[in-house]
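# Per-entry structural report
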Amino acid sequence: MSAPLHNDTFLRACLRQPTDYTPVWLMRQAGRYLPEYRATRERAGSFMGLATNPDYATEVTLQPLDRYPLDAAILFSDILTVPDAMGLGLSFAQGEGPKFAKVVRDEAAVNALAVPDMDRLRYVFDAVSSIRRALNGRVPLIGFSGSPWTLACYMVEGGGSDDYRQVKSLMYARPDLMHRILSINADAVAAYLNAQIEAGAQAVMIFDSWGGVLADGAFQEFSLSYSRRVLSQLRREHDGRQVPRLLFTKGGALWLDEIAEAGAEVVGLDWTANLGRARARVGDRVALQGNLDPNVLFAPPAAVRAQARAVLDSFGAPQRADGGWDGHIFNLGHGISQFTPPDTVAELVDEVHRHSRLLRAAPAGR
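This write-up is about the structure you can find in this document. Treat the numbers as computed from the prediction; the structure is a model and nothing was measured.

Cut-offs used in this document
- Residues numbered from 1 in each chain as written.
- Predicted model: local features only at pLDDT ≥ 70, side-chain atom pairs only at ≥ 80, totals over all residues.
- Heavy atoms only, no water.
- Pairing = 2+ DSSP bridges.
- Helix = DSSP H or I, 4+ residues; strand = E, 2+ residues; numbered from the N terminus.
- Contact = heavy atoms within 4.5 Å.
- Axes fitted to C-alpha atoms, helices over the stretch in contact; angles between N-to-C directions.
- Phe/Tyr/Trp six-rings, centres within 6.5 Å; stacked < 30°, edge-to-face > 60°.
- Salt bridge = Lys/Arg side-chain N within 4 Å of Asp/Glu carboxyl O.
- Buried < 20%, exposed > 50% of the residue type's maximum accessible area, 1.4 Å probe, protein only.
- Core = buried A, V, L, I, M, F, W, Y, C linked by side-chain atoms within 4.5 Å.
- Expected span 1.5 Å × (residues − 1).
- Parallel < 35°, antiparallel > 145°, perpendicular 65-115°, else oblique.
- Left-handed = near helix turned anticlockwise from the far one by under 90°.
- Right-handed = clockwise from strand over helix to strand, strands pointing away.

### Here we look at the sheet that holds strand β9 (residues 266–268)
The parallel open sheet is built from seven strands, whose spatial order is β1-β4-β5-β8-β9-β10-β11. Because the sheet does not close on itself, it has two edges, and the strands there are β1 (73–74) and β11 (328–332). One ladder, built from five bridges, connects strand β5 (residues 203–208) with strand β8 (residues 245–249); its direction is parallel. For I206, the partnering residue across the bridge sits in β8 and is L247. Contacts from helix α10 (residues 175–199) reach β4 (141–146) and β5 within the one sheet, and its direction differs from that of β4 by about 165°.

If you want it as structure tokens, here you go:
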């Protein structure tokens, strides 16, 4: 468990410490765009068969690291493990996405909710420990969860949604019930992430994938306040190291200043944000993660490299004129598409490492 970390560039960037280059990892980097992932999933028989088996989860978590010199691994799991542990009955039909057998839309369903016994999620924590052993200090391991609001969207809708009609109807008609759902979710997510940290996660990320569908005002009340509640409960250190906390809100650039005050060390940005302006706004409050449009990866290699440079140039050299550092973790602005050509990812990772070294060679404060 405590093998020395050979590459801590990601953790250093999270904490705005000096790095030799900009670290890079990709949301959904272990997934369907890799043929080896598809082969393992075939052996597992189903997505849940893959996610609930620590050996398979370890195998697919390491697959992208065997292909590319990425600077972090992220636990292979699903954001909906927590509501599944609450007894809502998660399933994945081929090509249809997640579905819950029970939905949470009325007072009785809300009253039946409770923070689950974390033993019901033991398979996740076993996977974290197994991945840490298999990594053997190669790169840090990121644990994660969906945000309280994002989990509530799935719990109320019963699956994915195009219009969020059910969850928003409940939110506006019965805000008391929505707050009860979110309170339970927040405490469950905090317990879940702390258990991942105990099992060996060296950083933890909250995916507020659907925060951006909310109106201004509703976002602060029903999403951000509960992400803040999670962040305030998380362990700050483990194994003698600080555990960075990352918060990513898709569509959240409008509320960047407020998100930067929520308590995370790192704020993730989608591709609609301007990194340079974001850096100027957050100052030395947080590191930033992002934010290449995932569809860039369908372009020819030269274009992929040019777009990677554009993202890095937008952020600028991470060392400031005053000698301090502003952290940047290169990532996509959302998860990688399952149709992405694997060879293109190699071009991206190589260019991020190459060009970011050049940026550091430029005069400080450029």
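### What about the packing of aromatic side chains?
One pass over the structure, following the stated rule, counts eight aromatic pairs. Between Y164 and W210, the aromatic rings sit 5.7 Å apart at their centres with planes inclined by 50°, giving tilted as the arrangement. Linking Y164 in the loop between α8 (148–157) and α9 (165–173) with W210 in the loop between β5 and α11 (218–233), this pair joins segments that are 46 residues apart in sequence. Arranged with centres 6.4 Å apart and planes meeting at 80°, the rings of F207 and F248 form a pair that is edge-to-face.

### Regarding the pattern of salt bridges
If you walk through the whole model with that rule in mind, you get 23 salt bridges. Ionic pairing is found between E265 and R236, a salt bridge with its closest N-O pair at 3.4 Å. Placement of E265 in the loop between α12 (256–260) and β9 and of R236 in the loop between α11 and β6 (237–238) is noted, with a sequence separation of 29 residues between them. Here R320 makes a salt bridge to D322, at a shortest N to O gap of 3.2 Å. Through salt bridges with shared partners, one network takes in R305, R309, E347, D350, E351 and R354.

### A word on helix α5 (residues 81–88)
An α-helix turns once every 3.6 residues. As a result, residues three or four positions apart point the same way. Most of α5 is tucked away: seven of the eight residues are buried. For α5, the set of buried residues is T81, V82, P83, D84, A85, M86 and L88. Against α3 (47–51), β2 (90–93), β3 (97–100), α7 (122–135), α8 and α10 lie the buried residues of α5. Positioned one or two residues after α5, G89 has a phi angle of 75°, which is positive.

### Notes on the nonpolar core
Core analysis: the biggest nonpolar cluster contains 130 residues, and F10, M178 and L348 have the highest contact counts within it. For this core, the element with the highest residue contribution is α10, accounting for 14 residues.

### Description of the environment of P342
With respect to the secondary-structure elements, P342 resides in helix α15 (residues 342–361). P342 sits 309 residues away from Y33 along the chain, and the two C-alpha atoms are 6.7 Å apart. Excluding its chain neighbours within four sequence positions, the residues that come into contact with P342 are Y33, L34, P35, R67 and Y68.

### Overview of α10
A rise of 1.5 Å per residue sets the reference length of α10, with its 25 residues, at 36 Å; its end C-alpha atoms lie 36 Å apart and thus fit the reference within 8%. Among the 25 residues that make up α10, 18 are buried, leaving the element largely enclosed by the rest of the structure. Count one or two residues on from α10 and you reach G200, which has phi positive near 135°.

### Here's the deal with the packing of helix α14 (residues 301–315) against α15
For the pair α14 and α15, the least separation of the axes is 9 Å and the interaxial angle reads 40°. Taken together, the axes of α14 and α15 lie oblique to each other. The interaxial crossing formed by α14 with α15 has right-handed handedness. Contacts between α14 and α15 involve P301, V304, R305, A308, R309, L312 and D313 from the first element and T344, E347, L348, D350, E351, V352, R354, H355, S356 and L359 from the second.

### Digging into the pairing of β11
The side chains of a regular strand alternate, residue by residue, between the two faces of the sheet. Judged by how many residues are buried, β11 sits mostly within the fold: five of five residues are covered. Residue alternation in β11 divides its side chains into two sets, H328, F330 and L332 and I329 and N331, and both sets are buried. Taken together, the five bridges between strand β10 (residues 287–292) and β11 define a ladder with parallel strand orientation. The residue bridging Q289 from the neighbouring strand is I329, located in β11. The β-α-β motif built from β10, the intervening α14 and the parallel element β11 has right-handed crossover chirality.

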